[in-house]
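The chain contents come next:
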Amino acid sequence: MNAAPADQIRLLDLQALDTRLGQLAHKRKSLPEHAEIQALEGDLAQHRDLLVAAQTQESDTAREQAKAEQDVDQVRQRAARDQQRLDSGAGMSPKDLENLQHEVASLAKRQGDLEDVVLEVMERREAAQERVKELTGRVESVQAKVNDAAARRDAATEAIDAEVATVTKERELVAATIPDALLKLYDKLRVQQGGVGAARLYQRRCEGCRLELNITEINEVRAAAADEVVRCENCRRILVRTPESGL
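What this report covers is the structure whose coordinates are included nearby.

Conventions used here
- Residues numbered from 1 in each chain as written.
- Predicted model: local features only at pLDDT ≥ 70, side-chain atom pairs only at ≥ 80, totals over all residues.
- Heavy atoms only, no water.
- Helix = DSSP H or I, 4+ residues; strand = E, 2+ residues; numbered from the N terminus.
- Rg over C-alpha atoms; globule rule 2.2 N^0.38 Å.
- Buried < 20%, exposed > 50% of the residue type's maximum accessible area, 1.4 Å probe, protein only.
- Areas by Shrake-Rupley, 256 points an atom, 1.4 Å probe, with all protein chains shown as cover.
- Lys, Arg positive; Asp, Glu negative; His and termini not counted.
- Charge placed at Lys NZ, Arg CZ, Asp CG, Glu CD.
- Core = buried A, V, L, I, M, F, W, Y, C linked by side-chain atoms within 4.5 Å.
- Contact = heavy atoms within 4.5 Å.
- Expected span 1.5 Å × (residues − 1).
- Polar contact = N/O pair within 3.5 Å; in protein donor to acceptor, adjacent residues only side chain to side chain.
- Pairing = 2+ DSSP bridges.
- Axes fitted to C-alpha atoms, helices over the stretch in contact; angles between N-to-C directions.

### Focus on the overall build of the chain
Scanning the chain for helices and strands turns up five helices and four strands. Its helices and strands in sequence order give the chain the pattern α-α-α-α-β-β-α-β-β, from N to C terminus. For a compact globule of 247 residues, the expected C-alpha radius of gyration is about 18 Å, and the chain comes in at 42 Å, more than 25% above that figure. The C-alpha extent of the chain, read off along each of the three principal axes, is 135 × 35 × 25 Å. When burial is assessed residue by residue, the chain has 32% of its 247 residues classed as buried. Surface accessibility of the chain: about 15000 Å² in total, with carbon and sulfur atoms responsible for 51%. Positive and negative side-chain charges in the chain, numbering 37 and 45 respectively, have mean positions lying 7 Å apart.

Next up, the structure:
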């Protein structure tokens, strides 16, 4: 393949832009905020699970307390009715009055036991409420950290994307000045060779594979016409000759 020396030189400009685009892509993918957010979201999920468990416990104890208080109220109402009957004594035999007195006393003890149950449930509910409050605070704190890291990630990504847009536009302008055949060869090699399709020959060394050309290879490059597209014998990249090539 043949191409004007100026066109071959422009391949180095194109390669520099492609290298920068590759660096920007890597930078975007490797932002430290990505790992930070991932770790924080793991913590957030764990704290949310704990919060849901605490909220469930608080809800269960709330129902348990309501049921216990209802039991107390039923016993209290029954005891009040019995006491009213006992106080009136109307139409009741001494035996009936005695039985009613025993029932009132039994209900009073039952009410006391149930009220103790209510107090115990209330204590457990208060503990559950404190746990919910504590975990809610933790979730909000971690969420704030996630939001902060996401904002920093988005700002960094926006800056990178802006530079990518600028470099991409520059690449389009440079690529438009390179003959199609040469550009196609360059793009093909760039895909095959890890992002580098053209390299400068500097002081008899290929800057693509970093290997120095032997004397035979140097003589072949030296003998090649100026418009001949030379390839590195080691890495097969396009070898661009410059005044610093050492030929």
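### Quick look at the nonpolar core
Grouped together as the largest cluster of nonpolar side chains are 22 residues, with contacts concentrated most on Leu11, Leu14, Ile178, Leu182, Tyr186 and Ile238. Only helix H1 (5-29), helix H3 (94-175), helix H4 (180-192) and strand E4 (238-241) provide two or more residues apiece to this core. It is H1 that contributes the most residues to this core, six residues altogether. Apart from residues no more than four positions distant in its own chain, Tyr186 is found in contact with Leu11, Leu14, Gln15, Asp18, Arg171, Gly197, Ala198 and Ile238. Judged by nonpolar contacts, the second largest core, of 12 residues, contains Val132, Val139, Val142 and Val146.

### Here we look at the environment of Gln55
Its location among the elements puts Gln55 in helix H2 (residues 32-88). The class of Gln55 is partly exposed, set by a relative accessible area of 38%. With 71 residues separating them along the chain, Gln55 and Glu126 place their C-alpha atoms 12 Å apart.

### Points about H2
Across its 57 residues, H2 extends 83 Å between first and last C-alpha, which sits within 8% of the 84 Å expected from 1.5 Å per residue. Gly89, located one to two residues past H2, shows a positive phi value of around 65 degrees.

### As for the side chain of Gln8
One can find Gln8 in helix H1. Among the residues examined, Gln8 registers a relative accessible area of 2% and is labelled buried. Within the structure, the side chain of Gln8 is placed 3.4 Å from the backbone oxygen of Glu228, a separation counted as a polar contact. The residues touching Gln8, leaving out its near neighbours within four places in the chain, are Ala3, Leu182, Ala226, Asp227, Glu228, Val229, Leu239, Val240 and Arg241.

### Some remarks on the sheet that holds strand E3 (residues 230-231)
Where strands meet in a sheet, backbone hydrogen bonds hold them as pairs that are either parallel or antiparallel. Sheet architecture is open: four strands sit in the order E2-E1-E4-E3, paired in mixed fashion. Either end of the sheet is taken by a strand with one partner, and the two such strands are strand E2 (205-206) and E3. Judged from the two bridges that link them, E3 and E4 form a sheet pairing that is antiparallel. Across the sheet, residue Arg231 finds its bridge partner in E4, namely Ile238. Sitting on the sheet, H1 touches strand E1 (198-202) and E4, and the angle it makes with E4 is about 115 degrees.

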